[in-house]
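Listed below are the residues making up each chain.
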Amino acid sequence: MLLLTLDKNKMKKETIFRFPKSAILLLLTMIFSFQSFADASCGHIEGFEFSNGTQSMMIENGGNYNIADLPSGFYLNLNVEGYSQSAKYYVYNLDTGESFSITENVLPYTFPAGNQSWNFGAGNFKVMATLYKYDYGFGRRCDREILSFTISESCDAFAGTITANETTVTLINGMATISAEPNGDAVIPDGYIAGYVLTKGDDLIIMDGDDIPVFPVTEPGSYIIHTVIYNPNTLDVGIIELGVTTGFDVYGLISEGGGDICASLDVAGAPIMVMSCEADAGTLMADSGTACMVDGMATISATPNNDANVPAGYQTAYVLTQGSGLVIVNAGAVPSFDVTEGGDYTIHSLVYNPETLDLGIVVPGQTTGFDVYGLLIAGGGDICASLDVAGAPVVVEDPNAGTLTADMASVELVNGMATISA
């Protein structure tokens, strides 16, 4: 009997599939390309901002922000780049220990969710935001950012006070420069700057603004230089229309005046009165162009032509000068003077304010009319007064016959005639 033993393993047909090397390379390339696409398509966080949808302000790590300076109805907004489908917020109030968390599945990723306004008040906060590739914070984490910031309620800005360099200024040739000096008591928080505003009149109409308290003016009137401390991101000075907007309008916008912008305005400021010089000495006419000395004295006089202008607080004086150098020899309240020597004289009228021009500086026989004129606005000085330089000229004559000595003290007539000489 023949027995056959069959090996089942040897009876199983062996099938082997072998991929071509090119197919393997293609598969590996597809795998790595897919992985690269997955990496590239996952977005990243650019930063945080306070926003209300129309206004925004970037948040810096460690930054301190006054709530009055932030956009009205603000929320936190996560700035992202690239692909993502959700973001998780964890917000910690470092002062109270409270913590809040939300997940946003739709851009923009905001805290509170859905563009709702921030309702956590002031304090010190820490925020952690995580960006995910899929909804509800699932799947791959794309990026994470953590920062801290402070929101304060009090407005620390303080304009301080300012003092005018001159409280009264007179226009010279239709122009004057007015200025003031800050007293060093202003408080300028981080991010704030100091500016200066010029207002005119009781209504405080804003005429000019600058970063230094110096302003040119061309019209007389009452002016005030004010200091304003403000944040350019929250107070737009572009709203000011010169000659229309008032200091009260601006004051009403800021926290001091009941508004919601943190800023400070020194309403009292530095008052300055700008005047135009209306003083006019007018002209004089000599009563006589010549005078003759009699017994060593002559009286000379002139008559005003009634064309002077004497502003309130001003008065008229008359000055007598001698020679072409206009050396002052006398002055008085009437245009009449006694002189004791011959020469060329001029009587001048002077309209002046005793509070600004001290005639005590005049030294008779030394001070000249040109010296006084140089102190006045018309002469290049800064005192409002008027001197009639041409005045009323008068020539004083002093005839003197002198003496003679006779050639002979006595003479006799000869044939009824004699010649005498001296």
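Numbering of residues begins from 1 in every chain and follows the order in which that chain's sequence is written. Totals for whole chains, interfaces and linings use every residue, but because this is a predicted model, local features are given only for residues with pLDDT of at least 70 and side-chain atom pairs only at 80 or more, for both listing and counting. The side-chain numbers reported here are obtained from all heavy atoms of the structure, hydrogens and water having been left aside.

1. Regarding the pattern of salt bridges
The salt bridge definition used is simple: a Lys or Arg side-chain nitrogen within 4 Å of an Asp or Glu carboxyl oxygen. In the structure shown here, the tally under the stated rule is one salt bridge. One salt bridge connects lysine 200 with glutamate 219, and the closest N-O pair in it is separated by 2.8 Å. One end of the pair, lysine 200, is in strand S13 (residues 193-200); the other, glutamate 219, is in the loop between strand S15 (214-217) and strand S16 (221-230), with 19 residues separating them in the sequence. Under the scheme used here, helices are H or I runs from DSSP no shorter than 4 residues and strands are E runs no shorter than 2 residues, and both carry numbers assigned from the N terminus.

2. Some words on the side chain of aspartate 69
Within the element layout of this structure, aspartate 69 appears in the loop between strand S3 (63-66) and strand S4 (75-81). Only protein chains enter the accessibility calculation, which uses a 1.4 Å probe; a residue whose area is less than 20% of its type maximum is buried, one above 50% is exposed, and one in between is partly exposed. In this tally Asp and Glu are treated as negative and Lys and Arg as positive; neither His nor the chain ends contributes. Buried and unpaired, aspartate 69 has lysine 126 as its nearest opposite-charge partner, separated by 25 Å.

3. Quick notes on the pairing of S13
Across a regular strand the side chains alternate sides, sitting on one face of the sheet and then on the other. One bridge is not enough; two strands pair if DSSP finds at least two bridges between them. Pairing of S13 with S16, which is carried by eight bridges, proceeds in the antiparallel orientation. Directly across from alanine 194, in S16, lies its bridge partner isoleucine 229. As defined by bridge partners, S13 adjoins strand S14 (residues 205-210) across five bridges and the pair is classed as antiparallel. Bridge pairing in S14 links threonine 199 to isoleucine 206. A loop of four residues connects S13 with S14, the two strands running antiparallel in sequence, and glycine 201 in this loop sits at a positive phi of about 75°.

4. Observations concerning the confidence of the model for the protein chain
Detailed reading of the predicted coordinates is not advisable wherever pLDDT is low. Think of pLDDT as the predictor's per-residue confidence, scored from 0 to 100. Residues at a pLDDT of 70 or more form 90% of the protein chain, whose mean pLDDT is 87. Two residues qualify as a contact provided that any one of their heavy atoms is within 4.5 Å of a heavy atom in the partner residue. Below a pLDDT of 50 lies the segment residues 1-19, which in the model reaches one contact outside its immediate sequence neighbourhood of four places, other chains included. Across residues 21-40, confidence stays below pLDDT 50; counting only partners more than four residues off in sequence or on other chains, it has four contacts.

5. Thoughts on the state of the cysteines
Throughout, a disulfide means two cysteine sulfur atoms within 2.5 Å of one another. For the structure shown, the criterion picks out three disulfides. Sulfur-sulfur distance for the disulfide between cysteine 42 and cysteine 142 comes to 1.8 Å. Of note, the bridge from cysteine 42 to cysteine 142 carries an S-S torsion of about -100° and is left-handed in sense. Within this pair, whereas cysteine 42 is found in the loop between helix H2 (21-40) and strand S1 (44-51), its partner cysteine 142 is found in strand S9 (residues 141-152), the two being separated by 100 residues in sequence. In terms of burial, cysteine 42 and cysteine 142 fall into one category: buried. Here cysteine 155 is linked by a disulfide to cysteine 262, with a sulfur-sulfur distance of 1.9 Å. Judged by the sign of its S-S torsion, about 90°, the bond between cysteine 155 and cysteine 262 is right-handed. Of this pair, cysteine 155 sits in the loop between S9 and strand S10 (162-164) while cysteine 262 sits in the loop between helix H3 (247-251) and strand S17 (263-265), placing them 107 residues apart in sequence. Classification of cysteine 155 as partly exposed rests on a relative accessible area of 27%.

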